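One-letter residues, chain by chain:
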Amino acid sequence: MILKNYTVSAWRNIYNHKLFSAINILGLAIGLAACMLIALFVRDEVSYDRFWDNADNIYRMHQTFLPTGRPPMVFSVAAGKIYHALEQDFPQVVEASREANKRATFIMDNQYFEEQISLVDPGFFQIFDFNVLEGSLENTLEDQSSLVLNKTLADKYFPDGSALGQSITINADVYEREFVVRAIIEDMPENSQLAASAIVSIVEEEWKVQSWMFDQWFSVNAHLYFSLTPGSDITDINDQMPAFIDRHFPEQDNGDRVSSFILLNSQNIEDLHLLGPSNGEYKPMGSMATVITFSAVAILILVIASINFMNLSTARASQRAKEVSLRKVMGASRKNLVVQFIGESIIITLVALFVSVVIVEMALPIYNQTIGKQLAFNYASTDVLIIIGLAVSVGVLGGIYPALILSGFRPAEVLKANQSSETGASAKLRAALVIFQFAVSITLFVSTAVVYGQMLYAKNKDLGFNKENLLVINNLFRDAASEKLSLLVEEYKRLPQAISVTWSNDAPGRPTENNTGMRTPEMPETESLLMGNRGIGYDYFETYQIPLLAGRYYDINMNDERATYESIVAGEGHSSALIINETALNRFALGTPQEAVGKLLYRPLSGDEGEVIREHTIIGVIPDVYLDTLKKEMRPEIFELRPEFAQYITIRFTGDPAAMVSAAQAIWEQEVPSIPFGYDHAIDQLAEQYATEQGEMTMFAAFSGLAIFIACLGLYGLASFTAERRTKEIGVRKVMGATVYDIVKLLVWQFSKPVIIANLIAWPVSFYAMSIWLESFVYRIEDVLIFSFCAIAGIAALLIAWATVAGNSMRVAKANPIKALRYE
Amino acid sequence: MLKLQDLTKAYRTDEVETVALNNVNIEIEHGEFVAIMGPSGCGKSTLLNIVGMLDTPTSGHYFFNGEDVAGYSEAQLGVIRKQHIGFIFQSFNLIDELSVFENIELALLYHDIPASERKERVAAVMDKVGIAHRAKHMPSQLSGGQQQRVAVARAVVGNQSMILADEPTGNLDTAHGQEVMEMLQKLNEEGTTIVMVTHSPSHADYARRTINLLDGHVVTESMRA
């Protein structure tokens, strides 16, 4: 019976106080929804590569270079040679396998398709337990013509029946031969740093021509995974790495120990996504900082929503005082009342929970699109119980304080009337909670602004070249295409849209790095500086519109081509022209750009006849140009003329980009039919680098906005209850001669105070936090900007608070005072 | 001081029109002490609200110091009200969050009076009603009689020439009621016009004139010698 009475009372309370209930339910629902969305994101981020049976014992080795005068270069890949030595030296290593992803052409019925293939060693399938749909992985990789396809590719190439046993021709540059499908595996889950869709084994002989792939100690091009016997400690292996390096890596001429500039370090596979090095990674990384930040935001949002709940309930306490007193007079114990009020708050949170699930379902598609994930809410799992548990605990936590306040009323006092039953303490607590809510909201606002400002800065920073209207054609590294390099360039030059055409080894926004050691004639022979090395064609600077600081560009009529190893050995001269950037100029201390022109730089070349020196004469100096990411510090760079070799052709064009693309494609398909046409616009490729940040940024902004919205919702509710509670006072003030303006001022000021105090708390906090965050950027906005963001956030918060409160205040202030004073 | 001419007040809901005051004609001179009596619902409070400019008549004229204020806007009425009229309510209507001093000061707060002068005047009026020793107390710490004395102080601190009292003794016991009535009488003797709604014939006796209302009409007016 009593339960029925509670339920009826609870329901009527919810129903009769629609504003209160709506604010509570909406605020909580948005808070819970935000929390769930973030939780889905966080859970996905921390779930990477945990699904492997043997995940605890799978590790990947990372190679770090410590070049003189440059920050350490940490790679997620390691030298191909290490693979063989690793199994020999460490008995606890059960299996090891390299994994290199390469673009290749699949050829079927004279049709060409571009795919990514994973080149692996036989241990690969012992380390990773793939789900086999057809065929068998057993000993598959021992056979050099074996191909393992995932379901998607199997269906793509063999739609009319099983792919098993079928053959397909693959051109991987160093070979073009037939493969037989030996097994079909399930598509890999998204939450893995591995991206294997077509798997073939590494045949080292075939790759000898590209020895950097698997046959060198100082070139890093493949991931190196290995599994340990259960119970072994990875620190044992990590600790032995310096000795391992000195034992296996080739000795240095100058007697330096290799372990003094090379580090090897292995990480568990479960840590790769959030904590591993990104350089050399095939798939986008996550970031632990992001995961922690968003978890904190989720908790803060939930706290803000719960505070609303508490505040509104205590604010309304005086209104319910009569009910409480009557129940007490009728014999209710304090415990009865606490149970009743907590029950009510649980009912409200459960309704909110239902609404929040609806919100989550509606928001998920756009959310997934923003952050580039495929998140879904799994109703069949324990998720549901966890979330209901969460909602109920929010209900209990949010309800317990109001319940204690309400149940503590003494009936005699309350029923005597004409007494405000609210204690000063609860009003003070409420003010403190509002301050907290706004401090959090303002901090989030400032953080969002700083993150956004930094993004904008990075995006709009003058990169030193004109990134607009640059069409970059890739796939040129394939033999069939590189043979036609000069032909293609000539044909492209003839296109009416093309202003200028050039070629190069790398293109803007591509993460590959090529580095070369060089020295000045004055430096000791054993020393060198590691230079970023960009191979370029004629007209490169003209096409990218990079100005000169001194000297001249490469000129086809000036014999700028570099001497080859063979020509130097044959004594046919060893001179070459070279263009360097400003950082290189400064690192080598070559003086002014004008002084540097004509000076020499030495580059050792090794070959069958021993080491020879190639002399490069500096013919030009250009300013620092940001062709790669702004996340890394500017390298000293050389721009070396490579007339015969290129990975990319770049066309500066005018007019319609689409027309340009189709014109370029037509020429390509005519000249190189065996390789698919691939292109991108430099500006898109540059923007791509920030895609993850952009998504997270949008997510961050949205959740900050929600936090502010929920806080305002609470403020609105609070303002309306306060206005109601102060009706009498307002009436009296009006009778005393206060104008509507005076009253609105009074109420608005009452709610401005906590917001102003919140600002005073939030500003130093956000300034401190954001200046630390900015430290991780090489090229960053000024700290001063944070101040202005603080000021903007503060003013915005005040304006929002005013707008929230003013409407209510207006209504109350305009009301005829006699109504307030008559019915006491 | 004030003259009501053919004053009518009707409340309109969707369907029913209720006439609270019907053709009321009253004239009150400076320095008078007038009691308004009548059963519940006869229109006493409505009359007081209109006289106090908290409400506007539906038709008729209201001359205040010779000025017809019947058609004035709320803002215009507010200006006249705060200069000339003080209020005392049955339920005191003190602001719980403000101290005795602050409650009284409230009446001066909206008058552009410098803080120092406000302090002096509030102190003076607190002395007058004998509440000075309670200046820092909150209303909830006072007895009903004391609260009403604060309310009286608040009504006169602005040197208002007229006090409207709506059953000022209704919530008080006999002794405290007596006290408040004597205070009003004293104020009247000092020249303040007082218009008081009351149910108590003995308190009405403090007034020199009693107006009896019934169903929105003035039924009798009696003068005391």
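Residues numbered from 1 in each chain as written. Chains lettered and ligands numbered in written order. Predicted model: local features only at pLDDT ≥ 70, side-chain atom pairs only at ≥ 80, totals over all residues.

Q: I keep staring at the overall build of chain B and nothing clicks. Help me out?
A: Within chain B, the regular secondary structure consists of seven helices and ten strands. What you see for chain B is a C-alpha radius of gyration of 17 Å, in line with the 17 Å of a compact globule of 225 residues. Out of the 225 residues belonging to chain B, those deemed buried represent 46%. Across chain B, contacts joining residues at least 24 apart in sequence account for 68% of those joining residues at least 6 apart. (Helix = DSSP H or I, 4+ residues; strand = E, 2+ residues; numbered from the N terminus. Rg over C-alpha atoms; globule rule 2.2 N^0.38 Å. Buried ≥ 20, exposed ≤ 12 C-beta atoms within 10 Å, placed from the backbone. Contact = placed C-beta atoms within 7 Å.)

Q: So what exactly am I meant to see when it comes to the interface of chain A and chain B here?
A: Interface size, as often reported, equals the accessible area lost upon joining of the parts. Taken together, the contact between chain A and chain B spans 19 residues of the former and 19 residues of the latter. Elements supplying a minimum of two residues to the side of chain A that touches chain B: α24 (727–735) and α27 (817–822) of chain A. Looking at the side of chain A that touches chain B element by element, the count peaks at five residues for α24 of chain A. Of the residues in the side of chain A that touches chain B, the class split is seven nonpolar, six polar and six charged. (Nonpolar A, V, L, I, M, F, W, Y, C, P; charged D, E, K, R; others polar.)

Q: Would you mind showing me how to read the nonpolar core here?
A: One broad trend across soluble globular proteins is that nonpolar side chains are buried collectively. With 155 residues, the main nonpolar core has Ile-301, Val-446 and Ala-707 of chain A together with Ile-104 of chain B as its most contacted residues. The leading source of residues in this core is helix α2 (residues 18–46) of chain A, at 17 residues. Of all hydrophobic cores here, the second largest spans 54 residues; its members include Tyr-48, Ile-202, Ala-222 and Leu-228 of chain A. (Core = buried A, V, L, I, M, F, W, Y, C linked by C-beta atoms within 7 Å.)

Q: Help me out: how do you make sense of helix α26 (residues 783–814) of chain A in this one?
A: Each turn of an α-helix holds 3.6 residues, which means side chains three or four residues apart point in the same direction. When the terminal C-alpha atoms of α26 of chain A are compared, their 46 Å separation across 32 residues agrees well with the 46 Å that a helix rising 1.5 Å per residue should span. Ala-806 of chain A marks the point of greatest bend in α26 of chain A, at about 30 degrees. (Expected span 1.5 Å × (residues − 1). Bend = angle between axes of the 7 residues up to and from the residue.)

Q: Looking at this structure, I do not really get unusual backbone geometry. What am I missing?
A: Glycine aside, residues mostly have negative phi angles, and peptide bonds mostly take the trans form. For Ala-589 of chain A, which is not glycine, the phi dihedral falls at a positive 50 degrees. Within the secondary structure layout, Ala-589 of chain A lies in the loop between α19 (582–587) and α20 (593–596). The class for Ala-589 of chain A is exposed, based on 9 C-beta atoms found within 10 Å. Phi at Asn-159 of chain B is positive, roughly 60 degrees, even though this residue is not glycine. Of note, Asn-159 of chain B is situated in the loop between α5 (144–156) and β7 (162–166).

Q: Please explain the confidence of the model for chain B as it appears in this structure.
A: Parts of the prediction with low pLDDT should not have their coordinates interpreted in detail. Per-residue confidence for chain B gives a mean pLDDT of 86; residues scoring 70 or more make up 98%. Here the prediction assigns the complex a pTM of 0.75, and the interface score ipTM is 0.75. (pLDDT = per-residue confidence, 0-100.)

Q: I would appreciate a short explanation of the environment of Ile-618 of chain A in the present structure.
A: Residues and elements named next belong to chain A. Along the polypeptide, Ile-618 turns up in strand β20 (residues 612–622). Taking the C-beta count within 10 Å as the criterion, Ile-618 has 24 such neighbours and is therefore assigned buried. Placed 40 residues apart in sequence, Ile-618 and Leu-578 show a C-alpha to C-alpha distance of 4.7 Å.

Q: How do you make sense of the packing of helix α9 (residues 288–315) of chain A against helix α23 (residues 691–725) of chain A when you look at a structure like this?
A: In a pair of packed helices, the angle between the axes and the distance between the axes together describe the arrangement. Residues and elements named next belong to chain A. Packing of α9 against α23 brings their axes to within 9 Å, and their N-to-C directions diverge by 10 degrees. As summarised for this structure, α9 and α23 are arranged roughly parallel, according to the angle between their axes. In this structure, α9 uses Thr-290, Val-297, Leu-300, Ile-301, Ile-304, Ala-305, Ile-307, Asn-308, Asn-311, Leu-312 and Ala-315 to contact α23, whose residues at the interface are Glu-696, Phe-703, Leu-706, Ala-707, Ile-710, Ala-711, Leu-713, Gly-714, Gly-717, Leu-718, Phe-721 and Thr-722. The class makeup of the residues in the contact of α9 with α23 is 16 nonpolar, six polar and one charged. (Axes fitted to C-alpha atoms, helices over the stretch in contact; angles between N-to-C directions. Parallel < 35°, antiparallel > 145°, perpendicular 65-115°, else oblique.)

Q: Help me out: how do you make sense of the sheet that holds strand β8 (residues 193–197) of chain B in this one?
A: Backbone-to-backbone hydrogen bonds join strands into a sheet, with any given pair of strands oriented parallel or antiparallel. All names here are of chain B. If you walk across this open sheet you meet the six strands as β6-β7-β8-β3-β9-β10, and the pairing is mixed. One side of each edge strand has no neighbouring strand; the edge strands of this open sheet are β6 (85–88) and β10 (217–223). Each strand of the sheet is rotated relative to its neighbour by a mean of 20 degrees, with strand direction disregarded. (Pairing = 2+ DSSP bridges.)

Q: What is the right way to look at the environment of Tyr-741 of chain A in this model?
A: Looking at the secondary structure, you find Tyr-741 of chain A in helix α25 (residues 740–774). C-alpha separation for the pair Tyr-741 of chain A and Met-810 of chain A, spaced 69 residues apart in sequence, amounts to 8.4 Å.

Q: What exactly am I supposed to notice about α2 of chain A here?
A: Its 29 residues give α2 of chain A an end-to-end C-alpha distance of 41 Å, which sits within 8% of 42 Å, the value for a rise of 1.5 Å per residue. With 21 of 29 residues buried, α2 of chain A lies mostly within the body of the structure.

Q: Would you explain the environment of Ile-619 of chain A in this entry?
A: If you trace the backbone, Ile-619 of chain A turns up in strand β20. Sequence-wise, Ile-619 of chain A and Lys-599 of chain A are 20 residues apart; in three dimensions their C-alpha atoms are separated by 8.3 Å.

Q: Sorry if this is basic, but what is going on with the pairing of strand β9 (residues 176–185) of chain A here?
A: Along any regular strand the residues' side chains alternate between the sheet's two faces. Residues and elements named next belong to chain A. In the sheet, strand β6 (residues 132–135) pairs with β9 via three bridges, with the strands oriented antiparallel. Residue pairing across strands places Gly-135 opposite Ala-183, the latter belonging to β9. Sheet analysis places strand β7 (residues 146–150) next to β9, joined by five bridges and oriented parallel. If you follow Leu-147 over to β9, its bridge partner there is Val-181. Relative to β9, strand β8 (residues 167–171) is paired through five bridges, and the arrangement is antiparallel. Across the sheet, the residue bridging to Ile-168 is Phe-179, located in β9. Where β8 folds back onto β9 in an antiparallel hairpin, the turn is made up of four residues, including Asp-173, whose phi is positive at roughly 80 degrees.

Q: Explain the confidence of the model for chain A to me, please; I cannot follow it from the model alone.
A: Mean pLDDT for chain A: 86, with 96% of residues reaching 70 or above. Per-residue pLDDT stays below 50 along residues 416–421 of chain A; that stretch engages in eleven contacts with residues further than four places along the chain or on separate chains.

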